[in-house]
Structure formats: C-alpha cells, structure tokens
Amino acid sequence: MEHFLPSQRRRLGSKLSLRAFSAANDQTKRKLIPSCCSSHKSLSGCRGDVLVLLDSSGSVANYEYSHLLLFAAELVHPFPLGRGRVRVGLLQVGTRPHLEFGLDVHDNQESLQRAMQHVSQLQGDTNTKAALRLAQDLLIDRQRVPKVLLWLTDGVQPGDVDQPMSELKEQGVSVLAVSTVHANYKVLQRAVTPPLDSHLYSVDIDNINIITHDLREAITKIICAEQLQVVHLTSHSAVLQWRPVVDAGSGYYEFWYKPARTAHPAARRTLSGDSRRVELDKLQPETAYTAWLRPESNRGLFSTLSVNFTTLPDVLSPAEVTVSASGPRQVRVSWGPLQPERVQKYVVEYGAIPSGAVGTVTLPNRQASTVLSGLEPDAQYLVTVSALHVDGKERAMSVRACTLEETALPSLADLQLTPVEQQEVETEAEEVQVTWRASRDEGLRGFWVTWEREASHSASSNPSTSSVYLPPNARSTRLARLAPSSRVCVSPVYSSGRGDGLCCTANSLKEVSRWG
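Residues numbered from 1 in each chain as written. Predicted model: local features only at pLDDT ≥ 70, side-chain atom pairs only at ≥ 80, totals over all residues. Heavy atoms only, no water.

Caption draft 1: Quick look at the overall build of the chain. The secondary structure content of the chain amounts to eight helices and 30 strands. Looking at the chain as a whole, 46% of its 516 residues qualify as buried. Residue pairs at least 24 apart in sequence account for 68% of intrachain contacts in the chain once pairs closer than 6 positions are excluded. Surface accessibility of the chain: about 25,100 Å² in total, with carbon and sulfur atoms responsible for 47%. (Helix = DSSP H or I, 4+ residues; strand = E, 2+ residues; numbered from the N terminus. Buried < 20%, exposed > 50% of the residue type's maximum accessible area, 1.4 Å probe, protein only. Contact = heavy atoms within 4.5 Å. Areas by Shrake-Rupley, 256 points an atom, 1.4 Å probe, with all protein chains shown as cover.)

Here is the structure:
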C-alpha cells in the first residue's frame, strides 16, 4: 500500500526571490543541528551503511530542496555514527553526481549535522543513472554490513534507473525512496525493495515530517534488527538477508526452507560465518514459503530466526508498456518487469497509423526502456514490445503513442550584460550582472545560462564552459571570473522543449545573436 498524503498549499521555490531564498536557507541551516544529538539507547547496537541519494537537479525547487535536506538531517540524527556502527554518506544528483561526503568521513552527529549545514544545490540535469553508478562503488565493498540507499527525489523524469537499481538490490542493498510529487510512480515502485508500504513514500513537501518516524523505523529494521528478512522477491526467486552475528572464524549458519503447506522435507544449506544473504531460485510462483536461519558458534547459543514469504504470480515480460516524455519527433517507451534470467532480448517495432513504415529496434535483456526518435509530429504510432524468452516462447504487448504538434517555442525577448564595478584590486577576469526578459511565462519551466569561465593560471589551459539551470521566476544572475571575451547565453526552457535564446559577448556588450 503506497503512502499518499493530502496535498496542501505548495510554497514553491519558484515564488521566492533569490534574496528571500538565501534568508530562508540560512534559517533552515540553523535548524539542521538538533537540540540533542545523543544516540538513542535502543539504537546503540545498529551497524550498517546509509547512503542518501539527494536529487539536487534544476527540476527541484529551492524550497523543496532545502526541506529535503532538513528532512534527511533529522532522519539520521538518532543513529550512532562511526566505523563498526552506522556510516552515513550524501551523494547529490545533478548533471554530474557530486559526493558531498563519503561513508567514512563523519564519526559523530555534530560533525555530520554541521557538514549538512553547508550543502548547496547543484542545479543542472537529473542524471540519476550516473549517480547510481557511483553509489554502487560506494556501497558494494567488503564491509559485510546491511546497506541502505535512501533516494530523495521530486520524482520528475528520474531517467533510466531500472538496471542500476536492480544491480544494487542484487548485491544486497536495500533501496528506499521518498518522492515529493506523484510522477513516474511506477519507476519508484520498481526501484525500491519490498515491502512497499514502509519503503516507498510520496508526500507533499510541507508534510514531509509526518513520515520521519515510519521511515526511520524502516531503516532501523534493516540495520539494527537481528532478523531474517526478504530483500528481493520474484515469482521464481527470493533473496534473504540478515544482520551477521558470527564470522568465519567463530561459526557458521544452518539454513533451511520449504513450502509452508506441504509435508515435503525442507531443503537445507550450510553457510559460512561471513555470509549475510542467501539467494533462492527455482521456487514456485504464488507459493507461501517459510525459511529458518540458525547461527552456530562456540561463543554461545543464538536464537533461530525465521521468515514467511509468498512468491509473486508468474508474470511474463512485458506485462506493462508505458509511453512518456513525448515530443514532436520522439517518445520514450518503457516496459517491465525486467527478467534477464528468462528473456534473451527485446524487440520494439513501431509505425505510424494507419499505414506508416515499420521501424525495428533490438535491445538487450537488461534494458527496460528506449527513446524512439525521427518520428512525425502530431501523429499516432502503434508501438509493440516483444520479448523472446529463453524457452523459445515470445510475448508481445502493444500501445498507442502520440507525438506532439510541432510548434515554435517562444524565444528570449531581451538579454543585457552590465559590468560590475570592482571594489578591490582589478583583475582581468570579468564580472557581470546578467538580466533578461522572457517572451511568454505560460509553460515556462526555467532558464539555462551558459558562459566561459576564466582558465587556470597554467598557460596551456583553455577557458571552461559552465552552465546553470535557474527557476522560472529568475530574471537576473551575477557571473564572476568570466574569461576575456566570454559569450554569455540564456535560453528559456518550456514544458515541451527549449526555446531560442540570446547570447552576448562580455567584453564589448554589443554583439547579440540568436542562440538555440
């Protein structure tokens, strides 16, 4: 059962001026350090890694971002930190992922909370896939402790995350997610580990504190409880995980499982003392199972752990096909569930209705989406996704996809650069105030600003190109350390694409040209 909270009045960051947001952000930072940072006694035995994956892209309003950051700080503050206890890291999602701090950096709450006080939003694109690749490097190590990836996002166009999320879960990482809007919810459902009712939340940003207790309890159950739990489940397989209580030098585990309502003997395995997960395959679909785990050690007696679970119905891929991110000449087609162990390849066929030429794309068995480009605007297409299974069977599903009408997007109406007077020693680097005016506010999502930044002191260094995505209410920004003769370009971004922008050269402030 998914969590939906009633939507109240949204105070979006786009309604705040840059100065107002700065003041609001300062107040938020002062709240980040809790009045009491002492560890709860009930959490003193917790041991595990928690990596917060924070959406820091331009699609997240400033107001939402600051509240997500505050929420994350309050969520983890009761846990005792340090190696051998709980380790917390923060990874930001933008055009390029940015690791604010790794898992080994902070060994006390005061240090962690002060670090989160200085975190700033990246802006840029939502490149979640690249961030997940970095998350794999951070979480998949030799530390045999429970691992949690906590994904905080606005849920808008997270990208193709199915494969990296599946790889993380296959390595025993528990994925939990919080979304501030109800967009791309199926992607979030596929990403998280069960159970959904405690691992997946969609909540209005003004009410996000309501889920703090439940989400913290879910994390606690993963990294603190000495229990046997199911972290991945399909119709024919299951992955079970537990908190280690012995090691290779002090003992081992006896594990056994069987269908719950049969008289057949249980299947047994002996697992090494450094094990903390076991994979079961060749299970029957829609069948209830019971599994037991008993640690054996010369250091003392341990309780036998058990868990009951029911495998999913036998669903052959593709069971669902969806269309999203439609434009005048392209659409994104997604399907699921991913079944790489049962599917050889996917074939996507598409053609305009009623009698257009048919295009074909062949994709590997671990890919769950593709972008169909080169389409005709304002047209209907029949899209068929077929899966060739390893047993020779083939399953197909078709949907209709509509491309948008091709219309010229409004361009930027005006762009001006004003030199900023240097108060101190003059430098060759330019500093300018950039102001602009949009042709139309309806459907406006924001602005892309690009410029050339001053090169390093090395003679062989060339100026680097920088860019920033600003909210739709922004009409000016100040740029420092511009390269000589830097071109500054501003382009409006609408819900259906990017409009034509304008460019100015920083030194003469006279050359203006169309840029799109």
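What follows picks up the thread again.
Caption draft 2: Up close: the state of the cysteines. As enumerated under the stated definition, the model contains one disulfide in all. Note on cysteine 504: no disulfide assigned, nearest cysteine sulfur contributed by cysteine 503 at a separation of 7.8 Å. (Disulfide = S-S within 2.5 Å.)

Caption draft 3: Representation of the sheet that holds strand β17 (residues 343-352). Read across the open sheet, the four strands follow the order β18-β17-β20-β21; overall the sheet is antiparallel. Of all strands in the sheet, those bounded by a partner on one side alone are β18 (358-364) and β21 (394-402). Across this sheet, the average inter-strand angle for adjacent strands is 20°, counted without regard to direction. With seven bridges connecting them, β17 and β18 associate as antiparallel partners. Looking at the pairing, glycine 351 lines up with valine 358 of β18. (Pairing = 2+ DSSP bridges. Axes fitted to C-alpha atoms, helices over the stretch in contact; angles between N-to-C directions.)

Caption draft 4: Just the packing of aromatic side chains, in detail. In this structure the tally under the stated criterion is seven aromatic pairs. Each ring, one from tryptophan 256 and one from tryptophan 292, has its centre 5.8 Å from the other, and the planes form 15°; the classification is stacked. In this pair, tryptophan 256 is assigned in strand β10 (residues 251-259) and tryptophan 292 in strand β13 (residues 288-297), connecting sequence segments 36 residues apart. Relative accessible area serves as the criterion here: at 24%, tryptophan 292 is assigned to the partly exposed category. Its end group placed over the ring of tryptophan 256, arginine 268 keeps NZ or CZ at 4.6 Å from the ring centre. (Phe/Tyr/Trp six-rings, centres within 6.5 Å; stacked < 30°, edge-to-face > 60°. Lys NZ or Arg CZ within 6 Å of the ring centre and 35° of its normal.)

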